[in-house]
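Chain by chain, the residues:
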Amino acid sequence: MLNDAEKSTVFSFAAGLPSNPVMMAGTATADILQYFAFAVRMAQEVAYVFGRPSIFNEDGALTEAG
């Protein structure tokens, strides 16, 4: 099983492979989305370490404190 850093590295590498400008628009979008998903996941893990059960409210929206 890959850890988080390895997953991020693999997805970033795969997103950077295509050099066609048409393909680049889609892969750049995917790379940006996976970066932010990774950042939110890391924020959730850090919040958990410091005693917060979740950075999201019951509706699934990010809270001000989160």
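For the structure itself, look to the data block above.
No experiment lies behind these values; they were computed from the predicted model shown.

Draft legend 1. Summary view of helix H1 (residues 4-16). Here H1 contains 13 residues, and its C-alpha end-to-end distance of 18 Å stays within 8% of the 18 Å for a straight helix at 1.5 Å per residue. Taken together, the buried positions of H1 are occupied by Asp4, Ser8 and Ala15. Along the long axis of H1, the arc covered by the buried residues comes to 35°, so they all point the same way. Those residues of H1 that are exposed and aimed more than 90 degrees away from the buried face are Thr9 and Phe13.

Draft legend 2. View of the pattern of salt bridges. The tally for this structure, following the rule as stated, stands at 2 salt bridges. Between Glu45 and Arg41 there is a salt bridge, and its shortest N-O distance comes to 3.3 Å. You can see Glu45 and its partner Arg41 sitting in helix H2 (residues 21-49), 4 residues apart, about one turn around the helix. Classification of Arg41 by relative accessible area gives partly exposed; the value is 41%. A single network of salt bridges, built from pairs that share partners, joins Asp4, Arg41 and Glu45.

Thresholds, definitions, all that
Residues numbered from 1 in each chain as written. Predicted model: local features only at pLDDT ≥ 70, side-chain atom pairs only at ≥ 80, totals over all residues. Heavy atoms only, no water. Helix = DSSP H or I, 4+ residues; strand = E, 2+ residues; numbered from the N terminus. Expected span 1.5 Å × (residues − 1). Buried < 20%, exposed > 50% of the residue type's maximum accessible area, 1.4 Å probe, protein only. Arc of directions from axis to C-beta. Salt bridge = Lys/Arg side-chain N within 4 Å of Asp/Glu carboxyl O.

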